[in-house]
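Working through the structure, step by step
Now for the letters of each chain:
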Amino acid sequence: MSATFPDVATSDRQKLEDSIYAKVTLRLLPFLFLCYVAAYLDRVNVGFAKLSMLNDLQFSETVFGLGAGIFFIGYFLFEVPSNVIMHRVGARVWIARIMITWSILSAATMFVTTPTAFYIIRFLLGVAEAGFFPGIVLYLTYWFPTARRSRMNALFMIGIPVAGVLGGPLSGWIMNHFAGVNGWHGWQWMFLLEAIPSLLLGVLCLAFLPNKITNAKWLSENEKAILEANIKADAASGVQKSHSVKDAFSNPKVWLMAAIYFCCMMGLYGISFYLPTLVKATGVKDALDVGLLTAIPYSIAIVVTLLVARSADRTGERRWHFAIASALGGIGLFLSTVWGDNVVLALCALSVGTAGMLSTMPVFWTYPAAILSGAAVAAGIGLINSVGNLAGFVSPFIVGWLKDVTGTTNTGMYFVAGALVVGAILALLQPRAMVNK
């Protein structure tokens with residue numbers, strides 16, 4: 001199959017490509033975005049459950065932090081195998097399998113009554129969800145060349161702040177209005193009701209997601225050829241030393257990226273699991289009010305994330321885009337503790353921190369495909385994401401433990417903020433020519 005263009009000027013040829021990519025974007029990204037919103041909500045709604053779950057079940061902050069974080073142990077162990085399996089069997093079946101199993105386990109969290117049960121269900125949820133995020137990142141590399149990938153990553157990854165915008169008020173409303181219905185606590189209803197979208201979207205994956213360009217019945221043969229030619233040309237312009245799964249594990253550049261991503265995830269989960277707690281600490285007590293206020297930082301993060309990704313693609317500069325955003329994330333989190341007794345100032349700082357941290361992600365995920373190829377891309381993305389997401393265990397556990405020891409979340413937030421600054425420094429250690437393309 002070879003791509004053919006009409007005999008027209010280069011500008012018109014570019015318009016033709018733009019129209020094809022717009023068609024692909026409209027067909028795939030809204031659905032993938034919805035899947036990520038549902039996934040992320042099911043992963044972090046435990047942060048809202050914490051507002052009353054700890055009192056209802058007599059859990060300590062350390063128990064909560066360990067339970068919230070143990071999700072990422074299961075996630076770590078099964079991440080790379082899951083991504084390699086998806087590379088072999090295709091996204092349609094594998095993403096559907098992931099979403100259906102995690103929705104069932106997320107709903108089952110409503111039956112937790114002991115710390116042991118809490119740990120087990122969170123671990124199994126991590127096992128079930130392993131491979132979803134890196135699987136979608138890998139899937140996007142099948143469709144979009146590097147020059148377009150930051151924007152596509154951003155359209156997918158803003159599912160995180162959108163989940164915060166929608167999930168905060170929704171979780172607060174469910175916990176307020178369903179408390180006592182059928183004899184259940186509000187947090188039990190929250191786990192049950194918020195698992196339903198993931199289940200439905202998982203079933204829809206089987207009918208909606210084509211595994212690759214050649215399976216897309218909604219594209220013409222010439223459109224498929226143009227897309228495939230661009231992917232091949234993009235791969236030919238990159239580093240081609242690594243092709244096997246083994247190469248991904250032995251490449252020191254991959255481990256540097258894993259360290260950078262670990263720092264980034266320290267910030268993500270520090271915010272995700274403790275933003276409701278930080279808002280409540282400013283003096284806001286009602287669960288719905290907390291939910292509405294947590295939507296503010298996430299709303300700002302949506303706009304900033306899209307602007308940063310667009311700028312990175314337009315300029316081809318990625319190191320400084322990541323480093324500045326990560327550093328601002330750390331500064332914002334630090335100032336949120338300094339101004340913790342003032343709702344307005346604390347929300348301003350949290351908005352800077354949330355927007356900065358989330359803006360790093362679409363830029364970062366252009367890196368792996370710039371240094372790897374073939375099966376190594378799947379393994380490398382899985383390895384980076386699994387190691388990075390161990391921060392999802394470290395961050396809430398340290399914050400929770402320090403809260404029990406010191407009586408405040410401030411010390412833990414200092415630790416998280418420092419990790420984001422370290423990530424910014426490590427990002428600048430990457431060779432410019434390697435990641436700026």
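For the structure, see preceding data.
Below: a short report on this structure.

**Description of the overall build of the protein chain**
Scanning the protein chain for helices and strands turns up 20 helices and zero strands. The globule rule puts the C-alpha radius of gyration for 437 residues at 22 Å, and the 21 Å found for the protein chain is close to it. The dimensions of the protein chain, computed from C-alpha atoms along their principal axes, are 70 × 45 × 40 Å. Taking all 437 residues of the protein chain together, the buried fraction comes to 59%. For the protein chain, the proportion of contacts with a sequence separation of at least 24, taken over those separated by at least 6, is 84%. Charge separation in the protein chain, taken as the distance between the mean sites of 29 positive and 21 negative side-chain charges, equals 7 Å.

**Quick word on the pattern of salt bridges**
Applying the stated criterion across every chain, the model contains seven salt bridges. Two residues, Lys 50 and Glu 61, come together in a salt bridge whose shortest N-O distance is 3.3 Å. Here Glu 61 lies in helix α3 (residues 61-89) and Lys 50 lies in helix α2 (residues 46-57), a separation of eleven residues in the sequence. By relative accessible area, Glu 61 is classed as buried at 14%. The salt bridge partner of Glu 61 is Lys 403, with a shortest N-O separation of 3.5 Å. Residue Glu 61 is located in helix α3, and its partner Lys 403 is located in helix α18 (residues 391-406); the two are separated by 342 residues in the primary sequence. Residues joined by salt bridges that share partners form a network here, namely Lys 50, Glu 61 and Lys 403.

**What about the environment of Trp 339?**
Relative to the elements of secondary structure, Trp 339 occurs in the loop between α14 (319-338) and α15 (343-364). A C-alpha to C-alpha distance of 28 Å links Trp 339 and Tyr 261, two positions 78 residues apart in sequence. Filtering out sequence-adjacent residues up to four positions away, Trp 339 remains in contact with Leu 345, Ala 346 and Ala 349.

**Things to note about the packing of aromatic side chains**
Per the counting criterion, the structure on display carries 26 aromatic pairs. Within the aromatic cluster, the residues linked to one another by ring pairs are Tyr 36, Trp 102, Phe 132, Phe 133, Phe 156, Tyr 261, Phe 322, Phe 364 and Trp 365. Seen from the ring of Phe 64, Lys 50 lies directly overhead, with NZ or CZ sitting 5.6 Å from the centre.

**Focus on unusual backbone geometry**
In this structure, Gln 58 is a non-glycine residue whose phi angle is positive, near 60°. Along the chain, Gln 58 turns up in the loop between α2 and α3. Assessed through its relative accessible area of 66%, Gln 58 is described here as exposed.

**Brief notes about empty space enclosed by the protein**
The full count for this structure, using the stated rule, is three cavities of 30 Å³ or more. Lining the largest cavity are 15 residues; nearest its centre among them are Val 44, Phe 48, Gly 164, Gly 168 and Tyr 298. Elements supplying a minimum of two residues to the lining of the largest cavity: α1 (10-44), α8 (159-177), α12 (252-281) and α13 (287-315). In terms of residue count, the dominant contributor to the lining of the largest cavity is α8 (five residues). Class assignment of the residues belonging to the lining of the largest cavity gives a composition of eight nonpolar, seven polar and no charged.

**Examining the packing of helix α4 (residues 91-108) against helix α6 (residues 132-141)**
Following both chains from N to C, one finds α4 and α6 inclined at 155°, their axes separated by 11 Å at the closest point. Between α4 and α6, the interaxial angle falls into the category roughly antiparallel. Two packed elements cross with a definite hand, and for α4 against α6 that hand is left-handed. Of α6, the residues touching α4 (which contributes Ala 91, Ile 95, Ile 98, Met 99 and Trp 102) are Phe 132, Ile 136 and Tyr 139. Partitioned by chemical class, the residues of the contact of α4 with α6 number eight nonpolar, no polar and no charged.

**Focus on the nonpolar core**
In this structure, Ile 95, Phe 132, Phe 133, Trp 143, Phe 156 and Met 361 are the most contacted members of the largest nonpolar core, which totals 135 residues. Among the elements that line this core, the one with the most residues is α12, at 17 residues.

**Here we look at the side chain of Arg 148**
Mapped onto the elements, Arg 148 comes out in helix α7 (residues 146-157). Among the residues examined, Arg 148 registers a relative accessible area of 15% and is labelled buried. There is a polar contact of 2.7 Å between the side chain of Arg 148 and the side chain of Asp 18. Once residues lying within four places of it in the same chain are set aside, the contact partners of Arg 148 are Gln 14, Glu 17, Asp 18, Tyr 21 and Asp 313.

**Comments concerning a nonpolar patch on the surface**
On the surface, Trp 320, Ile 324, Leu 328, Ile 331 and Val 352 cluster together into a nonpolar patch covering about 460 Å² of accessible area. Ranked by the residues each element gives to the nonpolar patch, the list is headed by α14, at four residues. Mapped onto the fold, Trp 320 is located in helix α14. On the accessibility criterion, Trp 320 (46% relative accessible area) is partly exposed.

**Quick notes on the packing of α12 against α13**
Between α12 and α13, the least distance of the axes is 9 Å, while the angle of their chain directions is 125°. Between α12 and α13, the interaxial angle falls into the category oblique. Taken as a pair, α12 and α13 cross one another with a handedness that is right-handed. Across the interface between the two elements, Ile 271, Ser 272, Leu 275, Pro 276, Val 279 and Lys 280 of α12 pack against Val 290, Leu 293, Thr 294 and Tyr 298 of α13.

Conventions used here
Each chain has its residues counted from 1, running along the sequence as written. Totals for whole chains, interfaces and linings use every residue, but because this is a predicted model, local features are given only for residues with pLDDT of at least 70 and side-chain atom pairs only at 80 or more, for both listing and counting. Heavy atoms from the whole structure form the basis of all side-chain values; hydrogens and water molecules are not counted. In this text, helices come from DSSP runs of H or I with a minimum length of four residues, and strands from runs of E with a minimum of two, each type numbered from the N-terminal end. Note that the radius of gyration is over C-alpha atoms, with the globule rule given as 2.2 Å times the number of residues to the power 0.38. A 1.4 Å probe rolled over the protein chains alone gives each residue an accessible area, and that area as a share of the maximum for its type sets the label: buried under 20%, exposed over 50%, partly exposed in between. Contacts are assigned to residue pairs with any non-hydrogen atoms lying within 4.5 Å of each other. Counting rule applied: Lys, Arg positive; Asp, Glu negative; His and chain ends not counted. The atoms used to mark charge sites are NZ of Lys, CZ of Arg, CG of Asp and CD of Glu. The salt bridge definition used is simple: a Lys or Arg side-chain nitrogen within 4 Å of an Asp or Glu carboxyl oxygen. Only Phe, Tyr and Trp rings are paired, with Trp represented by its six-membered ring, and only when their centres lie within 6.5 Å; those with planes under 30 degrees apart are stacked, over 60 edge-to-face, the remainder tilted. The criterion for a charge sitting over a ring is simple: Lys NZ or Arg CZ within 6 Å of the ring centre, and within 35 degrees of the ring normal. Computed over the protein atoms alone on a 1 Å grid, cavities are sets of points where a 1.4 Å probe fits but cannot get out and pockets are open sets with protein on both sides within 12 Å along at least five of seven lines; a residue lines them when it has an atom within 4 Å of a point. Grid points are joined across faces, edges and corners, and a volume is the space filled by probe spheres set on the points. Charged residues are taken to be Asp, Glu, Lys and Arg, nonpolar residues to be Ala, Val, Leu, Ile, Met, Phe, Trp, Tyr, Cys and Pro, and polar residues to be all remaining types, Gly included. Every angle, taken between N-to-C directions, lies between 0 and 180 degrees, and every axis is a line fitted to C-alpha atoms, over only the stretch in contact when it is a helix. Reported orientations rely on four angle classes, namely roughly parallel under 35 degrees, roughly antiparallel over 145, roughly perpendicular from 65 to 115, and oblique for the rest. Helix crossings fall into two classes, left-handed where the near helix is turned counterclockwise from the far one by less than a right angle and right-handed where it is turned clockwise. Grouping buried Ala, Val, Leu, Ile, Met, Phe, Trp, Tyr and Cys residues that are joined through side-chain atoms within 4.5 Å yields what is termed a nonpolar core. Under this definition, polar contacts are N or O atom pairs within 3.5 Å; protein pairs additionally need one hydrogen-donor-capable and one acceptor-capable atom, and for neighbouring residues in sequence, both atoms have to be side-chain atoms. Only residues whose relative accessible area exceeds 30% and that take part in no salt bridge are eligible for patches, with like-charged residues grouped when within 9 Å of each other and nonpolar side chains (Val, Leu, Ile, Met, Phe, Trp, Tyr) grouped when within 5 Å. Where accessible areas are quoted, they stem from the Shrake-Rupley method and a 1.4 Å probe; at the residue level, only the protein chains shown are allowed to cover.

Function cannot be read off these values alone, since they describe shape.
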